[in-house]
Amino acid sequence: MKTYLYNNKHKSFARSLRRKQTDAERFLWSKIRARQFLNLKFRRQFPVLNYILDFYCKEAKLAIELDGSQHLKEFNSNKDRLREDNLRKIGIATLRFLDNDIFNNIDGVLTTVQQYVIDLTPTLSLQERENKREF
């Protein structure tokens, strides 16, 4: 039985969030859209369960969340942990980055995502890994 993660109830809200991207989301999207990063297809503002994921890659079962300073507060970090736990239960891993990291260390962010994806696929040949390292 195939499980569909997309939550159609949040479709219009997700669409409105795509129109109102933050600068950090726009910048990261410019680096990962259209299979230009590791030949992976990312979707932005993707509704899963009762959440809207900033970026989601079905192939890697990976959510990327960008956090502004409001996520550093204890209340929000507890909500973020609960969200990550619920996503993990359905097989989705979450990588979180601060908006500042996107602007000040985009290569480091992409390297972290790349390493996560490579660790997921240990059977890749050395040549395939080298090809995936180009971003």
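Figured I'd write up the structure that's included with this text.

Most of strand E1 (residues 42-48) sits inside the fold, with five of its seven residues counted as buried. One ladder, built from six bridges, connects E1 with strand E2 (residues 51-57); its direction is antiparallel. In the strand pairing of E2, arginine 44 is matched with phenylalanine 55. Hairpin connection between E1 and E2: a loop of two residues separates the two successive antiparallel strands, and leucine 49 in this loop has a positive phi of roughly 55°.

A few words on the side chain of glutamate 25. Within the fold, glutamate 25 resides in helix H2 (residues 23-32). Among buried Asp, Glu, Lys and Arg side chains, glutamate 25 stands out as unpaired, with arginine 26 the closest opposite charge at 7.4 Å. Reaching out from glutamate 25, the side chain makes a polar contact with the backbone nitrogen of threonine 22 at a distance of 3.0 Å. Beyond its immediate chain neighbours, meaning those up to four positions away, glutamate 25 contacts Gln45, Asp54, Phe55 and Leu66.

What counts, and where the lines are drawn
Residues numbered from 1 in each chain as written. Predicted model: local features only at pLDDT ≥ 70, side-chain atom pairs only at ≥ 80, totals over all residues. Heavy atoms only, no water. Buried < 20%, exposed > 50% of the residue type's maximum accessible area, 1.4 Å probe, protein only. Helix = DSSP H or I, 4+ residues; strand = E, 2+ residues; numbered from the N terminus. Pairing = 2+ DSSP bridges. Lys, Arg positive; Asp, Glu negative; His and termini not counted. Salt bridge = Lys/Arg side-chain N within 4 Å of Asp/Glu carboxyl O. Polar contact = N/O pair within 3.5 Å; in protein donor to acceptor, adjacent residues only side chain to side chain. Contact = heavy atoms within 4.5 Å.

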